[in-house]
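Descriptive analysis of the structure
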Amino acid sequence: MTYLGEGYTLRSWLSTHDHKRIALLFAISITAFFFIGGAAAAFMRLELATPAGDLVSDDTYNRLFTAHGVIMVWLFLIPSIPNVLGNFLVPMMIGARDLAFPRLNLASWYVYMAGGILVLGALISGGVDTGWTFYTPFSTMFSDSHVVLTLAGVFVLGVSSIMSGLNFIVTVHTLRAPGMTWFRLPLFVWAIYATSIILVLATPVLGMTLTLVAIERVLGVGIFDPALGGDPLLFQHLFWFYSHPAVYIMLLPAMGVASEIIPCFARKRIFSYRFMAYAIIAIAALGFLVWGHHMFVSGQSAYASIVFSLLSFLVAIPSAVKVFNWTATLYKGRITLSAPMLYAWGFVGLFTIGGITGLYLASLALDVHLTDTYFVIAHFHYIMVGGSVMAYLGGIHFWWPKATGRLYPEMWARVSAVLVFVGFNLTFFPQYLLGYQGMPRRYHAYPAEFTLLNVFSSCGAAVLAIGYLLPLVYLTWSLLRGAAAGDNPWRATGLEWQTPSPPPKHNFEDTPVVEAGPYEYEGART
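Residues numbered from 1 in each chain as written. Predicted model: local features only at pLDDT ≥ 70, side-chain atom pairs only at ≥ 80, totals over all residues. Heavy atoms only, no water.

Structural notes on the side chain of D225
Mapped onto the elements of the fold, D225 is located in the loop between α7 (187–219) and α8 (232–266). Among buried Asp, Glu, Lys and Arg side chains, D225 stands out as unpaired, with R217 the closest opposite charge at 12 Å. Sequence-distant contacts of D225, defined by excluding residues within four places in its chain, comprise M141, E216, G230 and D231. (Helix = DSSP H or I, 4+ residues; strand = E, 2+ residues; numbered from the N terminus. Buried < 20%, exposed > 50% of the residue type's maximum accessible area, 1.4 Å probe, protein only. Lys, Arg positive; Asp, Glu negative; His and termini not counted. Salt bridge = Lys/Arg side-chain N within 4 Å of Asp/Glu carboxyl O. Contact = heavy atoms within 4.5 Å.)

Below is the structure:
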């Protein structure tokens, strides 16, 4: 019996300890939050289609971009790949029957939902206008919106992240099948492992920071307010100590997904597997050392800024290693342009553009000009949305036959991948130009000279929305009418493909014995 047939009642799903079912609970939840956050972005792009602020007030616009940021960062991007694909795949990829702590896994979903409800409660009751960064002193002294309730929601979401991260770390250390050595782990598992370490080490700092903001706002204790003896820069140091590694919480799992898809559809082993694994660990480690590059104009020491600038450039090295190795994997491969491969290529392209423009922002002099402009908006959307969401959708398509036992309509999936790529670039590339020309972010009205590029951006958002909605339609259709997929329709070599599709409750009838690496493809042209 498959895991889907273990029970059809609502209770059987809400009380399940099966990692695959919990992954589906996360998938449904984050999809709902994704479209709520996307709706806020749609209103913003409608407002920005004309120079005048004629659709919503400036205060409403502030609450829209805050809702968009809070929902997308903490309710979608951070949990998306780890909690959906990681939950579903990590035990099967290492030959285990489940995660180390199944009850903790289910609890993390309930805690996630509690955090989501708190955030939604804040938005429904009027919203918050601080931006997703909650910068002080605005958040502690001046904002009259629902700051504390939103902080409480994000704090609870952080607890869920720590629970999931702890579970993955213990699982990878203790439940690997016989023969599954560290250097036989799929790169996706390496990526989830490194991400989990970041989650466990960095998230408590975020929780502490948000708590301090709430204490100053509610009790008037001087922590960040200089008039009360506080330090306004302390908030930025603490917030970015978490939030820069959080970029890699979103990005490393996406790199792991691309590393599974590309060798499969190139029919080649991943190029330089060990360097790919080392690069994942290097990016995770260096990610903790560069938070200060968000603060070049904050008044921090010039010497500190120089050090943070150099360290930021250093992160580019392992990132470039990964792009080079994905490209080298394609060289002389027997490439199939399937939908997952298109998404993976889209990820590599958008990540590369986002990474290169990140170097612009790591340059001290140039950052002074670009800070708080649309250039920054474009850069982090290329990394966190263009990169991560492309990879997430690629992963959903790649492992969809494994999770459901069904195939999706390939043509529509390819159309969706192309629409997402084109729509994304049409939306956000003009924002690089707007930022370079000096248009500040977070304004609901702007000078008429910026109209054309903003119209391009809003039109691109419409194309992007269609690209995002299409998979929702044809994947739902696939569940009901899709052709049977067979156990391994892609002829992939990972352990997860050695089980039936959909997998049985405990994944494997017998514990597998691993005798080779995860990418034993032998189809390259010579």
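So, the packing of α8 against helix α9 (residues 273–286)
Packing of α8 against α9 leaves a shortest axis separation of 11 Å and a crossing angle of 170°. As the angle between them shows, α8 and α9 are arranged roughly antiparallel. Where α8 abuts α9, its residues Y248, L252, M255 and S259 lie against M276, I280, I283 and A284. Taken together, the residues of the contact of α8 with α9 sort by class into seven nonpolar, one polar and no charged. (Axes fitted to C-alpha atoms, helices over the stretch in contact; angles between N-to-C directions. Parallel < 35°, antiparallel > 145°, perpendicular 65-115°, else oblique. Nonpolar A, V, L, I, M, F, W, Y, C, P; charged D, E, K, R; others polar.)

Observations concerning the packing of aromatic side chains
On inspection of all chains with the given rule, the structure shows 43 aromatic pairs. Aromatic rings pair up to connect W74, W132, F134, Y135, F224, F235, F239 and W240 into one cluster. The aromatic ring of W13 is capped on one face by R21, whose charged end is 4.0 Å from the ring centroid. Above the face of the F183 ring, R274 is positioned so that its terminal group lies 4.0 Å from the ring centre. (Phe/Tyr/Trp six-rings, centres within 6.5 Å; stacked < 30°, edge-to-face > 60°. Lys NZ or Arg CZ within 6 Å of the ring centre and 35° of its normal.)

Let's talk about the nonpolar core
W74, W326 and F347 are the most contacted members of the largest nonpolar core, which has 152 residues in total. Among the elements that take part in this core, α8 stands out by supplying 22 residues, more than any other. Those residues in contact with W326 that lie beyond four places of it in its chain are M255, A258, S259, I262, I270, M276, F347, V348 and F351. Core analysis: the second largest hydrophobic core is formed by 14 residues, Y374, I377, M439 and F450 among them. (Core = buried A, V, L, I, M, F, W, Y, C linked by side-chain atoms within 4.5 Å.)

Remarks on a nonpolar patch on the surface
Taken together, the side chains of V148, V218, L219 and V221 make up a nonpolar region of the molecular surface, amounting to roughly 350 Å² of accessible area. Judged by relative accessible area, which is 33%, V148 ranks as partly exposed. (Patch = residues over 30% accessible without salt bridge, like charges linked within 9 Å, V, L, I, M, F, W, Y side chains within 5 Å. Areas by Shrake-Rupley, 256 points an atom, 1.4 Å probe, with all protein chains shown as cover.)

Some thoughts on helix α14 (residues 410–436)
Its 27 residues place the ends of α14 39 Å apart at the C-alpha level, agreeing with the 39 Å of an ideal helix rising 1.5 Å per residue. At L426, α14 is deflected by roughly 25°, the largest bend along its length, and proline P430 occurs up to four residues later in sequence. Directly beyond the C-terminal end of α14, a positive phi value near 105° is found at G438. (Expected span 1.5 Å × (residues − 1). Bend = angle between axes of the 7 residues up to and from the residue.)

Geometry only, nothing functional implied.
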